[in-house]
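Listed here are the chains, written in short residue letters.
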Amino acid sequence: MVDIDWDNLGFDVTPTKSMFRATCLENSKWEHGGLIPFGNIELSPAANVLNYGQGAFEGVKAFRTAKGNVVLFRVDKNAARMAFSTKRLCIPEMDTDFFIDAVTKVVKDNIEYVPPHGQGSLYIRPVVWGTSAGIGVKPASEYTFMIFVTPVGPYFKKGINPLSLKITSQFHRAAPKGIGNIKAIGNYSASLYPLTEAKKEGFDEVIYLDAAREEIIEEVGSANFFIFQDGKIKTPSLSGSILGGVTRDSVCLVAREILGISVEETDIYIKDIENSDEVFCTGTAVVVCPIGRVTFKGKTHVINKNTMGPITKKIRETILSIQNEEIKDTHNWLRHI
Ligand SMILES: Cc1ncc(COP(=O)(O)O)c(C=O)c1O
């Protein structure tokens, strides 16, 4: 057995046994690759990704379920999004079967690192980079795809206690017609300064507005945004600058089809937060996390007395119960390892 303190897992990197590595030349197909020991890699300082940020990644989770199985949650959606991201960044388009097969191989080889049932999950990080050396701004001639895994617990240190978020109009996450709708590594470097400033002020994360009008809410730095209002769940529609989250899609389906709550994908204005019964955010890492305070221009609005509301709780529990095989996986979201 591996020596890991399962009771105190945070969202950090724990080295594991192995990782997957494949390379591909431009204008070629992803078709070879295999497992290598987990460890550092070597790159030219002129590698495209290090200079021009030609890279995309994914985040997937594997769970040890109540039935004792190890399962992947909706990995086909991550594979499709990786194909979309790579295409937009001029990286050879990721083959979805190749992606799923590679994820499966890494998880199988690192199965001992999947936390015991109910004590976290194995976070899987597929990432692809332009790795050939070059100095002119152009797509790389060679690409490297890697997948590493690490056991994780809650994303936020405060666990599932409601988050305190700041709406910023000082910074934008993504421009219209930009790359906000793909999982480009550069999107996250742009979010670090606003996030660090917000944390210094005591907030957990930032809520971004649309860059064109600064009126409607787009998303949280690394999660999608939801409100529960007038008996309906509402989430910003995928305008082109929002990342289409796998959890966002799962929450919409769970709400509509399992819980019988209507869902609207629509514009959400800042003032809508004041008229919301519940506010939450969603993502692979955060799952479903309540938002208890939202601050804009120095004014703080407290939602549901800063506690997790019943709808947020129900949705969170339903998603977790599916992931853990505690209720029926009616949509075939689980892939057994
Ligand atoms: C910017 C952004 N939005 C939304 C999400 C949620 O996406 P998913 O549910 O696929 O993890 C993430 C996390 O991956 C993200 O980084």
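Refer to the preceding data block for the structure.
All chains use their own residue numbering, which begins from 1 and follows the written sequence. It should be noted that, the model being predicted, local features are given only for residues of pLDDT at least 70 and side-chain atom pairs only at 80 or more, the latter also being counted only at that level, while totals for whole chains, interfaces and linings use all residues. Side-chain numbers here rest on the full set of heavy atoms in the structure, without hydrogens or water.

K.L.:
Could you give an account of the overall build of the chain, naming the residues involved and the relevant values?
P.N.:
Each helix and strand counted, the chain has seven helices and 17 strands in total. Taken over the C-alpha atoms alone, the chain extends approximately 50 × 50 × 35 Å along its principal axes. Across the 337 residues in the chain, those meeting the buried criterion constitute 51%. For this analysis, residues touch if any pair of their heavy atoms sits within 4.5 Å. Excluding contacts between residues fewer than 6 apart, the proportion of contacts in the chain whose partners are at least 24 apart in sequence is 71%. In these tables, accessible area is a Shrake-Rupley quantity obtained with a 1.4 Å probe, and a residue counts as shielded only by the protein chains included in the view. Surface accessibility of the chain: about 15,400 Å² in total, with carbon and sulfur atoms responsible for 50%. Charge assignment in this entry is limited to Lys and Arg as positive and Asp and Glu as negative, and neither His nor the chain termini are counted. To locate a charge, take NZ of a lysine, CZ of an arginine, CG of an aspartate or CD of a glutamate. Of note, the chain has its 38 positive side-chain charges centred 2 Å away from the centre of its 39 negative side-chain charges. Comment: elements are numbered from the N terminus, with helices defined as DSSP H or I runs of at least four residues and strands as E runs of at least two. Throughout, exposure labels follow a simple rule: accessible area from a 1.4 Å probe, protein chains only, divided by the maximum for the residue type, with under 20% read as buried, over 50% as exposed, and the rest as partly exposed.

K.L.:
So what's going on with helix H4 (residues 185-200)? Residues and values would help.
P.N.:
For an α-helix, the turn length of 3.6 residues means that residues three or four places apart are oriented alike. Helix span, as expected, comes to 1.5 Å for every residue beyond the first. Compared with an ideal rise of 1.5 Å per residue, which puts 16 residues at 22 Å, H4 spans 24 Å between its outermost C-alpha atoms and is within 8% of the ideal. Each residue is assigned a bend, namely the angle between axes fitted to the seven residues that terminate at it and the seven residues that start at it. The sharpest bend along H4 measures roughly 35° and falls at Leu192, with the proline Pro194 sitting one to four residues further on. Here the buried face of H4 lies against strand E3 (55-57), strand E8 (163-168) and strand E9 (205-209). Once H4 ends, the next one or two residues include Gly202, with phi positive near 95°.

K.L.:
Describe in detail the site of the ligand, supporting the description with residues and values.
P.N.:
Of all residues adjacent to the ligand, which total 16 residues, the nearest are Lys183, Tyr188, Glu219, Thr247 and Thr284. Any pair of nitrogen or oxygen atoms within 3.5 Å is treated as a polar contact; in protein, a donor-acceptor pairing is required on top of that, and neighbouring residues in sequence qualify only through side-chain atoms on both sides. Glu219 is positioned with one of its side-chain polar atoms (N or O) 2.5 Å from a nitrogen atom of the ligand. A distance of 2.7 Å separates an oxygen atom of the ligand from a polar atom in the backbone of Val246. When the ligand is considered free in solution it has 380 Å² of accessible area, and contact with the protein chains removes 96% of it. The distinction between a cavity and a pocket rests on a 1 Å grid over the protein atoms alone: a 1.4 Å probe fits inside a cavity but cannot get out, while a pocket stays open yet meets protein on both sides within 12 Å along at least five of seven lines, and a residue with an atom within 4 Å of a point counts as lining. Placement in a cavity or pocket follows one criterion, namely that more than half of the molecule's atoms lie within 2 Å of its grid points. Mapping the ligand onto the cavity grids shows that it belongs to the largest pocket. Where the shell around the ligand is concerned, the elements lending two or more residues are strand E11 (223-229), helix H5 (246-258) and strand E14 (278-283). Ten residues, namely Ala, Val, Leu, Ile, Met, Phe, Trp, Tyr, Cys and Pro, are considered nonpolar, four, namely Asp, Glu, Lys and Arg, are considered charged, and the remaining ones, Gly among them, are considered polar. Per-class residue counts for the shell around the ligand are four nonpolar, eight polar and four charged. Whether a residue is near a molecule or strand depends on its heavy atoms: it is near if one of them lies within 4 Å of it.

K.L.:
Lay out the environment of Ile258 with the relevant residues and their values.
P.N.:
Mapped onto the elements, Ile258 comes out in helix H5. A C-alpha to C-alpha distance of 9.5 Å links Ile258 and Ile315, two positions 57 residues apart in sequence. The residues touching Ile258, leaving out its near neighbours within four places in the chain, are Leu253, Thr318, Ile322 and Thr330.

K.L.:
I'd like a rundown of helix H7 (residues 310-323), residues and numbers included.
P.N.:
Look at H7: 20 Å from first C-alpha to last across 14 residues, which is about the 20 Å you get at 1.5 Å a residue. Along H7, the residues classified as buried are Ile311, Thr312, Ile315, Arg316, Thr318, Ile319, Ser321, Ile322 and Gln323. Backbone geometry just after H7 places Glu325 at a positive phi near 55°.

K.L.:
I'd love a proper account of the nonpolar core, names of residues and values included.
P.N.:
Definition of nonpolar core: a set of buried residues of the types Ala, Val, Leu, Ile, Met, Phe, Trp, Tyr and Cys, connected through side-chain atoms within 4.5 Å. Within the largest apolar cluster, 38 residues are counted, with the highest numbers of intra-cluster contacts made by Trp30, Phe99, Ile124 and Phe145. Those elements that place two or more of their residues in this core are strand E1 (18-25), strand E4 (60-64), strand E5 (70-73), helix H2 (75-88), helix H3 (96-109), strand E6 (121-130) and strand E7 (142-152). Considering each element in turn, this core owes the most residues, seven residues, to H3. Look past the residues within four positions of Phe145 in its chain and what remains in contact with it is Phe20, Arg21, Ala22, Trp30, Met82, Met94, Phe98, Phe99, Ala102, Pro126, Val127 and Val128.

K.L.:
With reference to specific residues and values, describe the side chain of Asn224.
P.N.:
Here Asn224 shows up in strand E11. Among the residues examined, Asn224 registers a relative accessible area of 5% and is labelled buried. Among the polar contacts made by the side chain of Asn224, one reaches the main-chain carbonyl oxygen of Leu243 at a distance of 3.0 Å. With near-sequence residues (within four places) excluded, Asn224 lies in contact with Glu219, Ile242, Leu243, Gly244, Gly245, Arg248, Phe280, Cys281 and Thr282.

K.L.:
Go over the pairing of E1 with me, naming the residues and quoting the values.
P.N.:
The side chains of a regular strand alternate between both faces of the sheet. With four bridges connecting them, E1 and strand E2 (residues 34-37) associate as antiparallel partners. Paired with Ser18 across the bridge in E2 is Pro37. The pairing of E1 with E7 spans six bridges and is antiparallel. Paired with Ala22 across the strands is Phe145, a residue of E7. When DSSP finds two or more bridges between two strands, those strands count as paired.

K.L.:
With reference to specific residues and values, describe a nonpolar patch on the surface.
P.N.:
Only residues whose relative accessible area exceeds 30% and that take part in no salt bridge are eligible for patches, with like-charged residues grouped when within 9 Å of each other and nonpolar side chains (Val, Leu, Ile, Met, Phe, Trp, Tyr) grouped when within 5 Å. Any Lys or Arg side-chain nitrogen located within 4 Å of an Asp or Glu carboxyl oxygen qualifies as a salt bridge. A cluster of nonpolar side chains, Ile41, Leu43 and Leu50, forms an exposed patch at the surface whose accessible area comes to about 250 Å². Topologically, Leu50 is positioned in helix H1 (residues 48-52). Look at Leu50 and you get exposed, because its relative accessible area is 53%.

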